[in-house]
Amino acid sequence: MKVQADLSTLSTRRAVKQDLPRLLELIADDDLGKNREGVGSDDPCYSDAFDRIDKDDNQFLMVGVMDGKIIAMLQLTFIPGLSRKGATRAMIESVRVDSYLRGQGIGHWIIEQAIQVARERACTLVQLTSDKKRIQAHRFYGSMGFTASHEGFKLQL
């Protein structure tokens, strides 16, 4: 059932450990995630990962909240570097919006919130990756001004 979102009522905050079950639901709420994540899992790998993220000053696990419920999330990583005159980059990963609210501007809104945090942290570049199978997401990111400027590579270990 689709619910109409009032973007003026949305807020963001840093995720807390008690949010973990909901975050796993959001991560698994798509075609790619549902086959690789353990929704509702008590596997300690998720708790351990959350702890590592939470303790790292260069990580910000952001949640979007509407009416007291987490409806969106993303992970923002700050990467200090030598290139670009010692610039710090912000990397956006794991962007998720609850399926019943998609298509209402919430993805755009939470990415804008992440960009604002990146500006506050004096980042000079925001980048993100997206699975090649997510064609709609690529169009969405392009509509926000992101350009597909690089080819990414991964090595499974």
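Scroll up to find the structure.
Residues numbered from 1 in each chain as written. Predicted model: local features only at pLDDT ≥ 70, side-chain atom pairs only at ≥ 80, totals over all residues. Heavy atoms only, no water.

A. Region of interest: the sheet that holds strand 3 (residues 69–80). The strand order across the open sheet built from five strands is 1-2-3-4-5, with neighbouring strands paired in mixed fashion. Because the sheet does not close on itself, it has two edges, and the strands there are strand 1 (11–14) and strand 5 (125–128). Across the sheet, the mean angle separating the axes of adjacent strands is 30 degrees when strand polarity is ignored. Sheet topology places strand 2 (residues 59–66) next to strand 3; eight bridges connect them, and they run antiparallel. Bridge pairing in strand 3 links Met66 to Lys69. Packed onto the sheet, helix 4 (residues 106–120) meets strand 1, strand 2, strand 3, strand 4 (88–97) and strand 5 and runs at close to 35 degrees relative to strand 3. (Pairing = 2+ DSSP bridges. Helix = DSSP H or I, 4+ residues; strand = E, 2+ residues; numbered from the N terminus. Axes fitted to C-alpha atoms, helices over the stretch in contact; angles between N-to-C directions. Contact = heavy atoms within 4.5 Å.)

B. Summary view of the packing of aromatic side chains. According to the stated counting rule, one finds two aromatic pairs in the structure shown. Where Phe140 meets Tyr141, the ring centres are 5.3 Å apart and the plane angle is 55 degrees; that geometry is what we call tilted. You can call Tyr141 buried: its relative accessible area is 11%. Plain terms: the ring middles of Tyr141 and Phe146 are 6.2 Å apart, the flat faces sit at 75 degrees to each other, and that makes the pair edge-to-face. Here a set of aromatic residues connected by ring pairs shows up, and it is made of Phe140, Tyr141 and Phe146. A cation over a ring is seen here: Arg121 above Phe78, with NZ or CZ 3.9 Å from the ring centre. (Phe/Tyr/Trp six-rings, centres within 6.5 Å; stacked < 30°, edge-to-face > 60°. Buried < 20%, exposed > 50% of the residue type's maximum accessible area, 1.4 Å probe, protein only. Lys NZ or Arg CZ within 6 Å of the ring centre and 35° of its normal.)

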